Protein chains: 2
Amino acid sequence: MKFTIEQSLLISSVQDVMKAISSRTAIPILTGMKIEAREHGILLTGSDSDISIESYIPAESDGNVYVEDIEPGSIVLHARYFPDIVRKLPENKVAFEADDNMKVTIRSGRAEFNLNGQDAEEYPQLPIVQTDQSFDMPIALLKTMIKQTSFAVSTMETRPILTGVNVTLENNNLNFTATDSHRLASKDLPVEATGMQFSNIVIPGKSINELYKILDDSEENVEISVTNNQILFKTKHLNFLSRLLDGNYPQTSRLIPDQVKTVIHAKTKDLIHTIDRASLLAKEERNNVVKLSTCGQDSLEISSNSPEIGNVTEEVSVTAIEGEELKISFSSKYMLDALKAIEVEDIKIDFTGAMRPFIIRPTNEEKILQLILPVRTY
Amino acid sequence: MKFTIEQSLLISSVQDVMKAISSRTAIPILTGMKIEAREHGILLTGSDSDISIESYIPAESDGNVYVEDIEPGSIVLHARYFPDIVRKLPENKVAFEADDNMKVTIRSGRAEFNLNGQDAEEYPQLPIVQTDQSFDMPIALLKTMIKQTSFAVSTMETRPILTGVNVTLENNNLNFTATDSHRLASKDLPVEATGMQFSNIVIPGKSINELYKILDDSEENVEISVTNNQILFKTKHLNFLSRLLDGNYPQTSRLIPDQVKTVIHAKTKDLIHTIDRASLLAKEERNNVVKLSTCGQDSLEISSNSPEIGNVTEEVSVTAIEGEELKISFSSKYMLDALKAIEVEDIKIDFTGAMRPFIIRPTNEEKILQLILPVRTY
């Protein structure tokens, strides 16, 4: 096995693939990165058995030559050293060679690294996703859907299914939902008619966050393929494969109240800043509880009290308050997460009383919904 | 006690003073920050008993008014919350008030924080540095001296005196020396005739690193005052006080070899990059040992070998090699620290054999010296 490659491309491919590699794994060879020289390019693979990432560097693309002198073959290199070596090589041309004894030589400028490789035959075969169930969407929209929902997954293993994001595709509507049973984030996106339907796909939170980090903000598309235990995200040079969580995701639609007693219309930023300040003294307490009380038709009082430390009170003007007077307490962390995820200037919050979940949405849109359960303090 | 102050000034003063405050301290009140309103300004104090920092905000300076409505008094506030509160206040005008029950109210815009203060009478009195032993130097030069030496202090408590930087002033020459007994860094600076002499002043490494961080890169002067157990660094609005280490700092001049068998003249950057690459595979080993061998008159071979992982070899051109052939091994970390500290393009290294300390200096200057003990491997 042999090839000569551009350092800059190798650096970014290695960085991507590293996101799937963990130094703690039950299968020792997975601490390594598989490097495969094919006739028309180089394929790097990393996996922690939950997530697998493949990055392909074509020998030629758009008339540019990136890889030369390829003699096909494959090898596994320990991922602890390889990324730093690649990053610090002195010149952009990197010659890579593995002999029959799995000794790997990396040459660049006058530097020569000799590394002990491992047999690529021992590297586990990645599951092959064979399905007609696939559809395309812009990378930017996928990233938005992840960002607006994935923060709400549970971090507790008591109900493992809640540690993932539920993805459904029904009637040409793609939905991402995450909940930790104290709050819920949900985002809809109409997609082009695909004829596809699926509802019980749950992607582990860790996988979807790694996917978010690895996707670059290009205007390109990602192809998503689903089987009953794997999901594959495929971009031009990257395959991101994740196992799915086993189990039935709960029906969450029944959590959403159908009546409204108080509606607050407000500027997102004003609320964020005021609640952030009120939460400063609530750090010690579980859940960082802050209180909200309506004052007339256009003002809220946000407050927090930690007997040992002190208290904080702030009035904040809002656009309008409709309906009943309200006093309610909630986790400032959940509220800030939700407000920041919504990413619009104007929001409305629908309350159905101090002990019922409330719902935050953009003023003029129903595609995103953030639900929070209040905390009993009054 | 009462005053109204500009938030921006308060933020930077609080940040400075926080550098002396530790949440782990034997004296509980030192987890707090002392705030003292004086007739002509506000004084903030923080201390962990080793380091004490005072920052003064004048009511007026250069015709600008920074503090108004002062009613003198003082209070101690818990430092865990105060900095975040100050930083996140909604408006630049901050009204501060403490009542007789040590309740503190901080108002800005429509936000009001009520905090439980502590009695400033209980805050320890800082030692008063009374001495004629003081001299001035530019902040920028002091920072350079710290940066070029303090990294070499010992982190081991086996010889506590080596955890500090030895400062001497003799014959109008200021010297900083640090050593951990495996390497030594020393820097001289001629100062204006002060008539002062001192030699056994040892500033704790932690103190001097905090001082480095707190001094801004202005062209102003710092006044340094020395007693036998304290050192005070005084800038326009800041007092930085550190205790000194007890004990006798060793005579280090005898460590410096007086003969030379091999001299290498090289470009600092070339050496840094080559040694950095060679050290990549040596991470597992104690001290990251790399080997250096001369090749003729103008080239070195730098190499490293970790049997389990692999090996690396690189030739690097140097300006000139004079004297005997040489094979020597040393800690790549110590070598990189020294080369980076020197901050010049061209250096020379004086060797007196594979088992004797070697010395790195700028090519045309004797004011800075980095000494490293080799490691026995050949």
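Residues numbered from 1 in each chain as written. Chains lettered and ligands numbered in written order. Predicted model: local features only at pLDDT ≥ 70, side-chain atom pairs only at ≥ 80, totals over all residues. Heavy atoms only, no water.

Asks: Go over the overall build of chain A with me, naming the residues and quoting the values.
Replies: Helices and strands together make up the secondary structure of chain A, namely 6 helices and 28 strands. Its C-alpha atoms give chain A principal-axis dimensions of about 80 × 50 × 40 Å. Burial statistics for chain A: of 378 residues in total, 54% are counted as buried. Put simply, of all contacts in chain A between residues at least 6 apart along the chain, 65% involve residues at least 24 apart. In the structure as shown, chain A presents an accessible area of about 17,700 Å², 44% of it carried by carbon and sulfur atoms. For chain A, the separation between the mean place of its 38 positive charges and that of its 55 negative charges on side chains is 6 Å. (Helix = DSSP H or I, 4+ residues; strand = E, 2+ residues; numbered from the N terminus. Buried < 20%, exposed > 50% of the residue type's maximum accessible area, 1.4 Å probe, protein only. Contact = heavy atoms within 4.5 Å. Areas by Shrake-Rupley, 256 points an atom, 1.4 Å probe, with all protein chains shown as cover. Lys, Arg positive; Asp, Glu negative; His and termini not counted. Charge placed at Lys NZ, Arg CZ, Asp CG, Glu CD.)

Asks: Which residues make up the packing of helix 5 (residues 268-278) of chain A against helix 6 (residues 332-342) of chain A, and what values go with them?
Replies: Residue and element names in this part refer to chain A. Put simply, helix 5 and helix 6 touch, their axes get as near as 10 Å, and they point 155° apart. Relative to helix 6, the element helix 5 is oriented roughly antiparallel. You can see that helix 5 and helix 6 cross each other, and the crossing is left-handed. Counting all contacts with helix 5, which are made through T268, L271, I272, I275 and D276, the residues of helix 6 involved are S332, M335, L336, L339 and K340. Partitioned by chemical class, the residues of the contact of helix 5 with helix 6 number 6 nonpolar, 2 polar and 2 charged. (Axes fitted to C-alpha atoms, helices over the stretch in contact; angles between N-to-C directions. Parallel < 35°, antiparallel > 145°, perpendicular 65-115°, else oblique. Left-handed = near helix turned anticlockwise from the far one by under 90°. Nonpolar A, V, L, I, M, F, W, Y, C, P; charged D, E, K, R; others polar.)

Asks: Hey, could you go over the pattern of salt bridges for me, with residue numbers and the actual values?
Replies: All names here are of chain A. On inspection of all chains with the given rule, the structure shows 38 salt bridges over all chains. With its nearest N and O atoms 3.0 Å apart, the salt bridge here joins D217 to K143. Within this pair, whereas D217 is found in the loop between helix 4 (205-214) and strand 17 (221-226), its partner K143 is found in helix 3 (residues 139-149), the two being separated by 74 residues in sequence. For D217, a relative accessible area of 65% puts it in the exposed group. Taken together, the shared-partner salt bridges connect D180, R183, K333 and D337 into one network. (Salt bridge = Lys/Arg side-chain N within 4 Å of Asp/Glu carboxyl O.)

Asks: How would you summarise the environment of M18(A) if you had to cite specific residues and measurements?
Replies: Residue and element names in this part refer to chain A. Looking at the element boundaries, M18 is found in helix 1 (residues 7-18). Looking at M18, the relative accessible area reads 25%, which means it is partly exposed. C-alpha of M18 to C-alpha of A79: the two residues are 61 residues apart in sequence and 7.5 Å apart in space. Apart from the residues lying within four places of it in its own chain, the contact partners of M18 are M33, A79 and P83.

Asks: Residue-level account of the interface of chain A and chain B, with values.
Replies: Between chain A and chain B, the residue contacts involve 32 residues of the former and 32 residues of the latter. When the two sides are added together, the surface that chain A and chain B hide from each other amounts to roughly 3,000 Å², 47% of it contributed by carbon and sulfur. The tally of links from chain A across to chain B stands at 4 salt bridges. Between R110(A) and E315(B) there is a salt bridge; the shortest N-O distance is 3.1 Å. (Buried area = accessible area lost by both parts, 1.4 Å probe.)

Asks: Describe the sheet that holds strand 8 (residues 73-78) of chain A, with residues and values.
Replies: Residues and elements named next belong to chain A. Pairing within the open sheet is antiparallel, and its 8 strands lie in the order 8-2-3-4-19-18-17-12. Both edges of this open sheet fall to strand 8 and strand 12 (134-138), since each of them pairs with a single strand only. The average angle at which neighbouring strand axes cross in this sheet is 20°, direction not considered. The sheet contact formed by strand 17 and strand 18 (residues 230-234) spans 4 bridges and is antiparallel. Considered in strand 18, the bridge of V226 is made with I231. Against the sheet, helix 1 touches strand 2 (32-38), strand 3 (41-47), strand 4 (51-58) and strand 19 (238-243), its axis set at about 165° to strand 4. Strands in contact with helix 4 are strand 4, strand 18 and strand 19; relative to strand 19, the strand with the most contacts, it is inclined by about 170°. (Pairing = 2+ DSSP bridges.)

Asks: Give a description of the packing of aromatic side chains that names residues and reports values.
Replies: Two aromatic rings, taken as a pair, are described by how far apart their centres are and by the angle between their planes. All names here are of chain A. Scanning all chains against the criterion turns up 12 aromatic pairs over all chains. Plain terms: the ring middles of F82 and F96 are 6.0 Å apart, the flat faces sit at 85° to each other, and that makes the pair edge-to-face. A residue pair is termed long-range when its members are at least 10 positions apart, and F82 in helix 2 (residues 82-88) and F96 in strand 9 (residues 93-98) qualify at 14 residues. Ring centres of F233 and F240 lie 6.3 Å apart, and the angle between their planes is 70°; this geometry places the pair in the edge-to-face category. If you follow K143 out to its NZ or CZ, it ends over the ring of Y212, 4.6 Å from the centre. (Phe/Tyr/Trp six-rings, centres within 6.5 Å; stacked < 30°, edge-to-face > 60°. Lys NZ or Arg CZ within 6 Å of the ring centre and 35° of its normal.)

Asks: So, the environment of A59(A): which residues are in play, and what are the values?
Replies: Residue and element names in this part refer to chain A. Tracing the chain through its elements places A59 in the loop between strand 4 and strand 5 (60-61). Assessed through its relative accessible area of 12%, A59 is described here as buried. Sequence separation between A59 and H40 is 19 residues, and the spatial gap between their C-alpha atoms is 5.3 Å. Discounting residues that sit within four places of it in the chain, A59 has contacts with H40, G41, N64, V65, Y66, V67 and I70.

Asks: Tell me about the domain arrangement of chain A, residues and numbers included.
Replies: Each assigned domain of chain A is listed with its residue range as follows: domain 1 (2-122), domain 2 (136-230 + 243-253) and domain 3 (256-372). Here the C-alpha centre of domain 3 of chain A lies 50 Å away from the C-alpha centre of domain 1 of chain A. (Domains from an automatic or database assignment.)

Asks: Describe empty space enclosed by the protein, naming the residues involved and giving the relevant values.
Replies: Using a probe with the size of a water molecule, rolled over the atoms, empty space left in the structure can be pinpointed. All names here are of chain A. For the structure shown, the criterion picks out 1 cavity of 30 Å³ or more. F135, V167, L174, F176, F198, I203, I224, I231 and F233 together form the lining of the largest cavity. For the lining of the largest cavity, the secondary-structure elements that each account for two or more residues are strand 14 (173-179), strand 16 (198-204) and strand 18. (1 Å grid on protein atoms, 1.4 Å probe; cavity = no way out; pocket = protein on both sides within 12 Å on 5 of 7 lines; lining within 4 Å. Points joined across faces, edges and corners; volume = space filled by probe spheres on them.)

Asks: Report on the UniProt feature "domain: DNA polymerase III beta sliding clamp N-terminal" (unreviewed entry) in chain A, specifying residues and quantitative values.
Replies: Feature annotation in UniProt assigns "domain: DNA polymerase III beta sliding clamp N-terminal" (unreviewed entry) to the following positions: residues 1-127 of chain A. Along residues 1-127 of chain A the backbone is 15% helical and 47% strand, and the end-to-end C-alpha distance reaches 25 Å. (UniProt positions renumbered as here; feature names shortened; annotations may be inferred.)

Asks: Hey, could you go over the relation of the copies chain A and chain B for me, with residue numbers and the actual values?
Replies: For the match of chain A to chain B, the screw axis carries a shift of 0.0 Å, the RMSD comes to 0.0 Å, and the turn is 180°. Read as a symmetry element, the transformation amounts to a two-fold axis. Interface overlap between copies: 100% of the residues of chain A at the interface are likewise at the interface in chain B, consistent with a symmetric, same-surface contact. (Least-squares fit on C-alpha atoms with pLDDT ≥ 70 in both.)

Asks: Can you break down the sheet that holds strand 10 (residues 103-108) of chain B residue by residue, with the values?
Replies: Spatially, 25(A)-21(A)-22(A)-23(A)-11(B)-10(B)-9(B)-1(B)-7(B) is the arrangement adopted by the 9 strands of the open sheet, whose pairing is antiparallel. On the outer flanks of this sheet lie strand 25 (327-331) of chain A together with strand 7 (67-71) of chain B, each paired with one strand and no other. Geometrically, the sheet is characterised by an average inter-axis angle of 15° between neighbouring strands, direction not taken into account. One ladder, built from 6 bridges, connects strand 10 of chain B with strand 11 (residues 111-116) of chain B; its direction is antiparallel. Paired with V104(B) across the bridge in strand 11 of chain B is L115(B). Helix-sheet contacts for helix 5 of chain A involve strand 21 (289-295), strand 22 (299-306), strand 23 (310-317) and strand 25 of chain A together with strand 11 of chain B, and the interaxial angle to strand 23 of chain A is about 170°. Contacts from helix 1 (residues 7-18) of chain B reach strand 1 (2-6) and strand 9 (93-98) of chain B, with the element oriented near 95° to strand 1 of chain B.

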